[in-house]
Amino acid sequence: MASQNPIAAASAKFPKPADRTFQYGTAGFRMKAALLDSVVYRVGLLAALRSRKLNGQVIGVIITASHNPPDDNGVKLVDPMGEMLEQFWETYATILANAPSDQALVEAYDKLTADLKIDTAVQPRVIFARDTRASGLRLVSALVAALEASGTEYTDYKLLTTPQLHYITRCLNTKGTAYEYGEPTEQGYYEKTAASFKAATGHKKFNGPVTVDCANGVGGPKLRELIKYLPSPSEGGLEIKVVNDNVVEPERLNQQCGADFVKTNQRAPPSSHSTPLARCASLDGDADRLMYYFVDSDHGFHLLDGDRIATLAALFIGDLARNAGLGEKLKVGVVQTAYANGASTSYITQDLKLPVVCTPTGVKHLHHAATKFDVGVYFEANGHGTVVFSDVALKRINKYEPQSPAQSSSLNVLRALTALINQTVGDAFSDLLLVELILAHKSWGPKEWDLTYTDLPNRLGRIEVADRIIFKTTAAERKLESPPGVQAQIDGLVGKYKNGRSFARASGTEDAVRVYAEAATKGEADDLAAKVADVVKRAGV
Ligand SMILES: CC(=O)N[C@H]1[C@@H](OP(=O)(O)O)O[C@H](CO)[C@@H](O)[C@@H]1O
Ligand SMILES: [Mg+2]
């Protein structure tokens, strides 16, 4: 009988809103927190199934809505190696989330168990954490109800940044193997990060402090914690000034601050009192994105976004590999999306002479493409990214016998970087420390970094249409194949602008079509974006 089934009984406490259809998208499930209880309950069930299917490996669940407003929330699953949930399982998540009743949910759960040949004797294991949103605790209780109803062993890591939970998931699943990733605790994360940062920095000097805007999210308290493990400024360590770290008033999360504010508005948070050439950085609400910026007395605000972090990392790691004597043996490549500034792509191919791959939007696509290189540097322009080292690359780096003191010192830095950089997912903390140590090694300020190439002026717009699904893309989202004829119109417009490039695609996270345009001048980029937007509007009615 349905009422005796523990899954149905617990589900009754988290009824699905009848008028809603949910979709596990690019960022998991994300929406107004008030709508999310049934979804989180069902994601808990899916986590149990996934862990059972993978022989009891630990699955991570993170409750966060990243850069979204404070009254949103979201939930995402983390696979055993700390990667995003395998794409095929997104469909199963969507099936469970949309089962119309408690009984239908049990049937869907049982059907998945049977179809996927899941051994019900396997003990599932799940870990979870949340960001600082007010709704987090309530949603945790829905998750716990699912884990208990499905007989899952679980650990609540309470408040963590998203990348910390990815790190711990990988640590737990690699413990005792040749690929052991680290201590599966928050403290283990700080210790590994701090030790490798110290080793990679050596005796290099930091030129003044970096101010970090924490979006009033979980990054604030966690960055303060990390700082305790880093060498202090009086010992020659990096001075990190933490700002926008108010988590006592959760309604301030991502408000007038944070990485998304800075990227979208192309200006510093109003609370910033930065002096010329001082390094500033902004995290997003779950600390997996990072933006840098500075002001100078001549030109005002300069944004150093994900493209800049990618190019800086690729430049530095390419040089290190060559100087260590591993230049031929480590193929470094960069992965971007169509939103990367065209000037960054030219800089990577023409100046750094490294290959660039363009993938569709969404970190999972970039991450996957990056693993095809020995050293794959991937970043979205919005500041989410990391560097992944293949197993072969790690072996080469660890086994290589340096032939000179110069090779030895480069090799040591490279080895330290493989530990510093969070290989599971973009991590604003390890990316921040990576940028800082590169600037210290090069004796660069933000201005020298900015001068490596000049961004093409660009414009990103958002257009609401009746049905965005009709906008179908090809060529890693750079061309529209439907509606018919629209791409030809866009090509016609682009051809009229010097250095013009533009594309339109349906957003995966919002009910809108995004239009991106770049051109030789700001005026032309705006003009091109407006004309392409008109084409999209006409096609979208
Ligand atoms: C132009 C842009 O910034 N798009 C973002 C946004 O995706 P859309 O599919 O464009 O809505 O959200 C994704 C998830 O956070 C992020 O990966 C991506 O970079
Ligand atoms: Mg985020």
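These figures come from a predicted structure and were not determined experimentally.

J.: I'm lost on the domain arrangement of the protein in this one. Help?
T.: Note on interface size: it is often stated as the accessible area lost on association of the parts. In terms of domain boundaries, the protein breaks down into domain 1 (2-159), domain 2 (189-303), domain 3 (306-450) and domain 4 (458-539). One C-alpha centre belongs to domain 1, the other to domain 4; they are set 36 Å apart.

J.: Can you walk me through unusual backbone geometry in this structure?
T.: In most cases, non-glycine residues show a negative phi, while peptide bonds are predominantly trans. For the peptide bond that leads from S482 to P483, omega is 0 degrees, which places it in the cis range. Positive phi, normally seen in glycine, also occurs at S66, with a value near 50 degrees. Positionally, S66 belongs in the loop between β2 (58-63) and β3 (72-78). According to the relative accessible area criterion, S66 is buried, its value standing at 4%. A positive phi angle, near 55 degrees, is found at K158, a position not held by glycine.

J.: In this structure, what is going on with the UniProt feature "domain: Alpha-D-phosphohexomutase alpha/beta/alpha" (unreviewed entry) in the protein? I would like to understand it.
T.: Listed under "domain: Alpha-D-phosphohexomutase alpha/beta/alpha" (unreviewed entry) in the UniProt record, and renumbered for this structure, are residues 58-86 and 118-176. Between the C-alpha atoms that bound residues 58-86 there is a distance of 14 Å. The span itself is 0% helix and 45% strand. Counting secondary structure, residues 118-176 comes out at 46% helix and 22% strand; the distance between its end C-alpha atoms is 25 Å.

J.: I'm lost on the side chain of T152 in this one. Help?
T.: Tracing the sequence through the fold places T152 in the loop between α5 (136-149) and β5 (153-159). In terms of polar contacts, T152 uses its side chain to reach the side chain of S150, at 2.9 Å. Apart from the residues within four sequence positions on either side, T152 is in contact with A48, Q123, P124, R125, V126 and L147.

J.: Even after reading the chapter, I still don't get the coordination of the magnesium ion (ligand 2), so can you show me in this structure?
T.: Ligation of the magnesium ion (ligand 2) by protein atoms is provided by S66 (OG), D284 (OD), D286 (OD) and D288 (OD), these donors lying 2.0 to 2.2 Å from the ion. If you list the donors of the magnesium ion (ligand 2) from N- to C-terminus, the spacing comes out as S-x217-D-x1-D-x1-D. Note that S66 is positioned in the loop between β2 and β3 and D284 in the loop between β8 (279-283) and β9 (290-296), a separation of 218 residues in sequence.

J.: So what exactly am I meant to see when it comes to the site of ligand 1 here?
T.: In the neighbourhood of ligand 1, the contacting residues comprise R289, Y339, T361, G362, E380, N382, R505, S507, G508, T509 and R514. One of the backbone N or O atoms of G508 is found 2.6 Å from an oxygen atom in ligand 1. In isolation ligand 1 exposes 440 Å². Once the protein is present, 86% of that is buried. Counted by class, the shell around ligand 1 contains one nonpolar, six polar and four charged residues. A domain split of the shell around ligand 1 shows at least three residues from each of domain 3 (306-450) and domain 4 (458-539).

So, how was this worked out
Residues numbered from 1 in each chain as written. Chains lettered and ligands numbered in written order. Predicted model: local features only at pLDDT ≥ 70, side-chain atom pairs only at ≥ 80, totals over all residues. Heavy atoms only, no water. Domains from an automatic or database assignment. Helix = DSSP H or I, 4+ residues; strand = E, 2+ residues; numbered from the N terminus. Buried < 20%, exposed > 50% of the residue type's maximum accessible area, 1.4 Å probe, protein only. UniProt positions renumbered as here; feature names shortened; annotations may be inferred. Polar contact = N/O pair within 3.5 Å; in protein donor to acceptor, adjacent residues only side chain to side chain. Contact = heavy atoms within 4.5 Å. Donors = N, O, S within 2.8 Å, 3.2 Å for Na, K, Ca; no water. Near = heavy atom within 4 Å. Areas by Shrake-Rupley, 256 points an atom, 1.4 Å probe, with all protein chains shown as cover. Nonpolar A, V, L, I, M, F, W, Y, C, P; charged D, E, K, R; others polar.

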